[in-house]
Amino acid sequence: MNKTLLIFKHELLNAIKRKGFIIITLIVPVIGLLGIGIFSLVSASAGPTVVETTTIGYVDEAGGFDQHTTQGNIELVGFDTQDEATTALINYDIPEYFVIPAEYTSTGVINRYTLQRELETPATTITAIKNFLTSNLLTGEVPPDTIELVEKPLALVTTRLTETGEVATEQGGFGNLLVPGIFSMLLALSLLISSTYLIQGLGDEKESRLIEVLLSSVSTRQLLTGKVLGLGAAGLVQVVVWLASLPLLLNLASSTFGGFFVTIQLPANFIVLGIVYFIMGYALFAALSAGVGAISPSAREGQQLAPIFTLLLFVPLWFSSILFIFPNSPLWVVLTIFPVTAPVAVMLRLGVTGVPAWELAVSIAVLVLSIILVMFLAIRAFRIYLLMYGKRPGLREIIRTLRSG
Amino acid sequence: MLAVEVNHVVKAFADKVAVDDLSFSVAQGEIFGLIGPNGAGKTTTIRMMMDIIKPDSGEVAILGEKLSEAAKNRLGYLPEERGLYKKLGVLDSIVYLSSLKGMDKPSAMEKAEELLEKTGMSATKSKKVEALSRGMGQIIQFIVTIIHDPQLVVLDEPFAGLDPVNTELLKGMVGELRSQGKAVILSTHQMNQVEELCDRILMVNNGRAVLYGNLPEIKARYRGNSVLLDFEGELGEVPGVTQRRQHKGYIELILDGKTTPQKLLERLVSQGIVINRFEVATPSLNEIFLQEAGKKS
């Protein structure tokens, strides 16, 4: 059998037999299943929810606010004076009260009093007070249907059209973001784990000097290619398990939770681009890891150097909130084209706004060129520093030897 | 065809010249000792032979050609500091590493079982490498080095850390390799092993060859003009002897430049002295090593 293939097989089997690999691979579907299971159990055991009615006091100094005192589950009870209301509050007869000042109709200000310390007024309370005031102000002025319409939240239905005016297949929204969002996180995690394995493996072989036995049997190229492909295949196995489990979990989730999960869609080209960017991202990180493994005298030192590039994997995730607010920010063009952040950035953007074709083309071209360059430098560094045990070379020395070597 | 031919090889690292214009050859069917003090350039020389690093200049031919991928299958190399995949089983380690030498799995398994049996290590075959003692790990690595029936075997300090029983076992197996017509390069500090096993030697110091050739000839070259004598009776005045040194159980007689040991023996016999031991003093390889290493460094 071809020696590269033998190393590939050995590395792949070794990687997928590791406990860490098995746990990380299975943890995604298992956590998803557990989440769905726990939700089903809790909702089954809880039975029908009993809705409690809350009482809120109010003092009407403006006058005329005496109808519509039932707002959903909230019962509004009037007090003649603020002192009476305060007494009821400190006696725990009511949890809170509000005062409608005499000048309310001109200022619009309502004063609310409560014993609770809270970050902000609960939305249900605001809605109840708002609707109580609106109903009382508009009763007799407009038909009841109009009052009901005013009080209802806005029902906005957005339809995305294509450039030809047809209804687009992808309608956007959070349902569209979920799968690419999760996948981009898993992609970053998978690349991080693969890089760690590669550096660890090379470091161990250098420390145990096994690398000398290996290189007396195979060439540097065969050894590195076999390792990179073997660990890449292990990473691919992981990603395939995750991708395969996602539709199953989502189906299960939409039938269990309904609502939001029903709106989940996969963006067009997502699977194709997901695989393309996984493979290219993996190749780039493998080359970077091989380079780090080459200049590090031990596995531990290699692991200390790795965050220089592995941390960059997570940069698009840190900035994801900016993407949601400013999807067209130039920052995203930079993150899409910069090779180390490209795989995760593209996956995230696919879920939010999509990525223009020219950016994809530039991003893929830059990635391919970076892979070739880093691979070339990594193999060179590997040959030069392979047998230098002990001290790690300084940056200046590495640049000098790479130039002259 | 020579097993190894090294011609004017030079290798320099950033701060020093590790190997400086070194030339030597190793024939098939011989055990060749590569000796020298620490940092002399032995391991760098071996790594260049194994194509792990490239020489700056000069040529290395292994089994008659520049080391190719195919020729690597005919090489066995045991590096000085040893290691195997700790988490892998003993038999799996042997089979994987021998597959990289071109062996197919069934023959690797069969040969591995045979060698494990021969070295008394059969009981360890299902164990993980990390469960083995250092000496046991070394035997396993020796098996990995020879399992694919290589034509050239390079052993860097093969006896370091082995107990006397395993040392004898390995020595026997190294001897067998020679009798099978294979070339063995033995790099070691243990001069007694070199004296016992090697046919020819190369001593390097500061990257250069200091001694090179047939071991008995080299020892003869370093032979001093003195004789070790154990006798009965009174020695008295012996012509041609300039100095006497008393040792435990024998006396060392230093001869003048004109008197040969043969001549001295004749004189002693003619004087009627009863001789129990008469030996031309030859320095041990260790003494030659110390002398040469001290001279050049």
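The preceding data block contains the structure.
Because the structure is predicted, anything quoted here is derived from the model rather than measured.

**Concerning the overall build of chain B**
Each helix and strand counted, chain B has ten helices and 13 strands in total. Taking the principal axes of its C-alpha atoms as reference, chain B extends roughly 75 × 45 × 35 Å. Expressed as a percentage of its 297 residues, the buried residues of chain B come to 50%. Intrachain contacts of chain B at a sequence separation of at least 6 include 68% that bridge at least 24 residues. Mean positive and mean negative side-chain charge positions of chain B (36 and 39 charges, respectively) differ by 3 Å.

**Details of the overall build of chain A**
Along its length, chain A carries 18 helices and five strands. Across the 405 residues in chain A, those meeting the buried criterion constitute 43%. Taking as baseline every contact in chain A between residues at least 6 positions apart, the subset at least 24 positions apart corresponds to 69%.

**Focus: the environment of Gly35(A)**
Relative to the helices and strands, Gly35(A) is located in helix H2 (residues 19-46). For the pair Gly35(A) and Ile24(A), spaced eleven residues apart in sequence, the C-alpha to C-alpha distance is 17 Å.

**A short note on the packing of aromatic side chains**
One pair of aromatic rings is described through two measures. These are the centre distance and the angle between the planes. By the definition in use, this model includes eleven aromatic pairs over all chains. Seen in terms of ring centroids, Tyr85(B) and Tyr96(B) are 6.1 Å apart; in terms of plane orientation they differ by 55 degrees. Their pairing is tilted. Of the two residues, Tyr85(B) is situated in the loop between strand S5 (75-78) and helix H3 (90-99) and Tyr96(B) in helix H3; the sequence distance between them amounts to eleven residues. Both residues of the pair, Tyr85(B) and Tyr96(B), count as buried. Connected via pairs of aromatic rings, a cluster forms that spans Tyr58(A), Phe65(A), Phe98(A), Tyr104(A) and Phe132(A). Cation over ring: Arg277(B) sits above Tyr250(B), and NZ or CZ is 4.9 Å from the ring centre.

**Quick notes on the nonpolar core**
Residues Val4(B), Met49(B) and Leu152(B) are the most contacted members of the largest nonpolar core, which totals 154 residues. A total of 14 residues in this core trace back to one element, the largest contributor, which is helix H10 (residues 270-295) of chain A. What Leu152(B) contacts, discounting residues up to four positions off in sequence, is Ala3(B), Val4(B), Ile62(B), Leu63(B), Arg74(B), Leu75(B), Gly76(B), Ala183(B) and Ile185(B). In terms of nonpolar packing, the next biggest core, distinct from the first, is built from twelve residues, Tyr58(A), Ile74(A), Tyr104(A) and Phe132(A) among them.

**As for the interface of chain A and chain B**
Taken together, the contact between chain A and chain B spans 20 residues of the former and 22 residues of the latter. For the interface between chain A and chain B, the tally reads one salt bridge. Where chain A packs against chain B, one counts nine residue pairs in polar contact (both at pLDDT 80 or more). Looking at the side of chain A that touches chain B, the elements with two or more residues in it are helix H1 (3-17) and helix H8 (210-215) of chain A.

Parameters at a glance
Residues numbered from 1 in each chain as written. Chains lettered and ligands numbered in written order. Predicted model: local features only at pLDDT ≥ 70, side-chain atom pairs only at ≥ 80, totals over all residues. Heavy atoms only, no water. Helix = DSSP H or I, 4+ residues; strand = E, 2+ residues; numbered from the N terminus. Buried < 20%, exposed > 50% of the residue type's maximum accessible area, 1.4 Å probe, protein only. Contact = heavy atoms within 4.5 Å. Lys, Arg positive; Asp, Glu negative; His and termini not counted. Charge placed at Lys NZ, Arg CZ, Asp CG, Glu CD. Phe/Tyr/Trp six-rings, centres within 6.5 Å; stacked < 30°, edge-to-face > 60°. Lys NZ or Arg CZ within 6 Å of the ring centre and 35° of its normal. Core = buried A, V, L, I, M, F, W, Y, C linked by side-chain atoms within 4.5 Å. Salt bridge = Lys/Arg side-chain N within 4 Å of Asp/Glu carboxyl O. Polar contact = N/O pair within 3.5 Å; in protein donor to acceptor, adjacent residues only side chain to side chain.

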